[in-house]
Amino acid sequence: MTGKKSPWGSGGGNDAPTSSGDAPETTPPPAAPGAEGPRNPWLPPQSGDGPKDSGRRGPNIEDIFRNRKGGGNGGGGGRGPNIPRLPQRPDGKSWAPVVIGLVVLAWLGTSMVHLIAPQEKGVVTTFGSYSRTLDSGTAVTLPWPIQTVKVEDVTSIRRESIPEGDGEKLMLTADQNLVDLTYLVRWNIKDLKLYMFQLADPDQTVREVAEAAMRQSIAEVNLNDVMGSGRAQIEQNVRERMQRVLDAYRSGVVIQGVDIKKTDPPAKVVDAFKEVLAAQQDAQSEINRAQAWAQQLTARAGGEATAFDKVYEQYKLAPEVTRRRMYYETMERVLSQTDKVILESPNTQAYLPLPEMKRSQKPQEGGQ
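Residues numbered from 1 in each chain as written. Predicted model: local features only at pLDDT ≥ 70, side-chain atom pairs only at ≥ 80, totals over all residues. Heavy atoms only, no water.

Student: So what about the packing of helix 7 (residues 270-317) against helix 8 (residues 319-335)? Which residues, and what values?
Tutor: Two elements in contact, helix 7 and helix 8, have axes whose closest approach is 6 Å; the angle formed by their N-to-C orientations is 135 degrees. When the interaxial angle is binned, helix 7 and helix 8 end up oblique. Contact with helix 7, carried on its side by Val311, Gln314, Tyr315, Lys316 and Leu317, involves Pro319, Thr322, Arg323 and Met326 of helix 8 and no other residues of that element. Here the residues of the contact of helix 7 with helix 8 are counted per class, giving 5 nonpolar, 2 polar and 2 charged. (Axes fitted to C-alpha atoms, helices over the stretch in contact; angles between N-to-C directions. Helix = DSSP H or I, 4+ residues; strand = E, 2+ residues; numbered from the N terminus. Parallel < 35°, antiparallel > 145°, perpendicular 65-115°, else oblique. Contact = heavy atoms within 4.5 Å. Nonpolar A, V, L, I, M, F, W, Y, C, P; charged D, E, K, R; others polar.)

Written out as structure tokens, the structure is:
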């Protein structure tokens, strides 16, 4: 009986066929190519028609990558992605060193050379710590990340509008009234080092200090001063208070001015407030009218007093004549405004009908 054939090809030893009985052991003839059984899947295929290499070996890493790139010995492997290559220089060398050098030069130029405008200043930090302050012009520092430069505009005036947008900012006055205030704070940077390193958020600090100073100043004056002629003094007080607080904080900020833009009553009581203002204006008009009338009376009394002094001087010179003259002038002024005269003198008519006498005199004058 013939033994089973090895699936891995011919070999010697125990894989040779045997026969039952006493038949002599014989060596089988060589098999034709491709007729020796299943092929080992882990072995590379053979090329050509020559005899097989009895020492076949498994593919190594170089063979696998060579086949994936499409450059294997048989030329039948799969093709991988085509990676573009930089063109070569005329001398045959690669452009890669030149490109890398240009990138390094650009990095050094942008991180070491700094152009600072006339209205700006720069702060140099070395590994995050303050190093020095740069004035306007061209400056050179160590490259990033060793040193970094932060540039700020220190000349231009910055503006903070409080409140932002159309919001309402109510404040209490000294006479327990509420007023809606809108104001503008103008400031700039005095010391860039303090501005950048002393406070966490300098802009927000300026807003908070401005609101605190404004509330304190409004609480010291009445509503009429806030909405009237007291604005200039309030603005001056707020600016001085803000500067004192910011200097105590070492903020590096200088306040240029405070401008009150709007002073209105709260929106919920604006109608009642208008009525109060109208009543106050009417009262002020009446007061002004009374004061004008009082001034007229005072001026008239002064004139009469001056005239009396002049008459008194004449009276001291001739008392009897002055007395008689004053009597006649007074009687003339009084009798010119009446149409009846009653006399208490003897030998005269007690009643003089002056209107009838005037009417009787008119026809006579007409007849003449």
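That shown, we press on.
Student: Summarise the pairing of strand 3 (residues 129-134); cite the residues concerned and give the values.
Tutor: Looking down a regular strand, the side chains alternate between one sheet face and the other. Bridge count between strand 2 (residues 120-126) and strand 3: 5 bridges; the pairing is antiparallel. Looking across to strand 3, one finds that valine 124 is bridged to arginine 132. (Pairing = 2+ DSSP bridges.)

Student: Before we move on, can you summarise the nonpolar core with the specific residues and values?
Tutor: Side chains of a nonpolar character, in soluble globular proteins, are inclined to be buried together. Residues Leu181, Tyr183, Val185, Met214 and Met242 are the most contacted members of the largest nonpolar core, which totals 30 residues. Mapped by element, the contributors of at least two residues to this core are strand 8 (178-189), helix 3 (192-197), helix 4 (202-218), helix 5 (223-227), helix 6 (231-249) and strand 9 (253-264). Sequence-distant contacts of methionine 214, that is, excluding residues within four places in its chain, are made with Met171, Leu181, Tyr183, Ile234, Val238, Val258 and Ile260. (Core = buried A, V, L, I, M, F, W, Y, C linked by side-chain atoms within 4.5 Å. Buried < 20%, exposed > 50% of the residue type's maximum accessible area, 1.4 Å probe, protein only.)

Student: Quick one: what's the story with the pattern of salt bridges, residue by residue and with numbers?
Tutor: A full pass over the atoms with the stated rule returns 13 salt bridges. For the salt bridge of lysine 169 with glutamate 211, the shortest nitrogen-to-oxygen distance reads 3.2 Å. Of the two residues, lysine 169 is situated in the loop between strand 6 (158-162) and strand 7 (170-172) and glutamate 211 in helix 4; the sequence distance between them amounts to 42 residues. Its relative accessible area of 16% is what places lysine 169 among the buried residues. Classification of glutamate 211 by relative accessible area gives partly exposed; the value is 24%. Residue arginine 215 pairs with glutamate 211 through a salt bridge whose shortest N-O separation is 3.4 Å. (Salt bridge = Lys/Arg side-chain N within 4 Å of Asp/Glu carboxyl O.)

Student: Report on the environment of threonine 306, specifying residues and quantitative values.
Tutor: With respect to the helices and strands, the residue threonine 306 is situated in helix 7. Residue class for threonine 306 comes out partly exposed when judged on its relative accessible area of 42%. Polar side-chain contacts of threonine 306 include one of 2.9 Å to the backbone oxygen of glycine 302. (Polar contact = N/O pair within 3.5 Å; in protein donor to acceptor, adjacent residues only side chain to side chain.)

Student: Describe in detail a nonpolar patch on the surface, supporting the description with residues and values.
Tutor: Together, Trp95, Val98, Val99, Leu102, Val103 and Leu105 line one region of the surface with nonpolar side chains, adding up to about 540 Å² of accessible area. Assignment of secondary structure puts valine 103 in helix 2 (residues 96-112). Judged by its relative accessible area of 53%, valine 103 falls in the exposed class. (Patch = residues over 30% accessible without salt bridge, like charges linked within 9 Å, V, L, I, M, F, W, Y side chains within 5 Å. Areas by Shrake-Rupley, 256 points an atom, 1.4 Å probe, with all protein chains shown as cover.)

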